[in-house]
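Summary of structural features
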Amino acid sequence: VRSAILQLQSTVAEEQRTFREILDEGHRASTEAVELNAILANRLLALSKQWGVDCSFVPFANDLMVDGNTAVEVEFIIREVVSNSVQHGRAKNIVVRISLVDGMLLLAITNSEDRLREMIENGTDGEIKSKSLARRLTSLRASAYADGVLKGSLLSIRIPLSRN
């Protein structure tokens, strides 16, 4: 029991540190470039520990430089999707793939467990049901599509890197 409490305490302390960093990141100028792969790899490692699931990351290339604001928003998206997948979809294995094509940041988030039912409108494929996720995507001028696959689900997100 003591070991479990110490582990929980460590996880809470790590989350508090991370949230402070995110808030600090949120105040940086949007032109400051950051390396997104490293940020997401660290975030998914922390989310694995937090939720007791396997979160893996498949990066596009060695370095993926984006502006600080985009990095913060993508991190919040990943947090919400993982949280919803675990809490509502009972996911145990989540994979986040990222790529960059024609000025679009593409995220493909899959789980091999139950479908992301809370994120799919009326239990069908297509529209995103999560209002907070939909708002975040709208603010980024992003588009998303949720799809139930043979076993699990796929959430595909397209974020334009130029939003002028």
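Everything here concerns the structure above.
Residues numbered from 1 in each chain as written. Predicted model: local features only at pLDDT ≥ 70, side-chain atom pairs only at ≥ 80, totals over all residues. Heavy atoms only, no water.

1. Topic: helix 2 (residues 36-51)
Stated precisely, the cut-off is as follows: Numbering of helices and strands runs from the N terminus; a helix is a DSSP stretch of H or I covering at least four residues, while a strand is a stretch of E covering at least two. A helix is expected to reach a length of 1.5 Å times the quantity of its residues less one. A simple rule labels every residue: compare its accessible area, found with a 1.4 Å probe on the protein chains alone, to the largest value its type can have, and call it buried under 20%, exposed over 50%, or partly exposed in between. As used in this structure description, the phrase polar contact means that two N or O atoms lie within 3.5 Å; if the pair is within protein, one of them must be able to donate a hydrogen and the other to accept it, and residues adjacent in sequence are counted only when both atoms belong to side chains.
Taking 1.5 Å as the rise per residue, helix 2 with 16 residues should run 22 Å; its terminal C-alpha atoms sit 22 Å apart, in good agreement. Among all positions in helix 2, only Leu 36, Asn 37, Leu 40, Arg 43, Leu 44, Ala 46, Leu 47 and Ser 48 are buried. Between the side-chain oxygen of the N-cap and the backbone nitrogen of Asn 37 there are 3.2 Å, and the N-cap of helix 2 in question is Glu 35. Trailing helix 2 by a residue or two, Gly 52 shows a phi angle of about 70 degrees, which is positive.

2. So, the side chain of Asp 67
With respect to the element layout, Asp 67 can be found in strand 3 (residues 65-67). Relative accessible area serves as the criterion here: at 18%, Asp 67 is assigned to the buried category. Among the polar contacts made by the side chain of Asp 67, one reaches the main-chain amide nitrogen of Asn 69 at a distance of 3.1 Å. Of note is the side chain of Asp 67, whose polar atom sits 2.8 Å from the backbone nitrogen of Thr 70.

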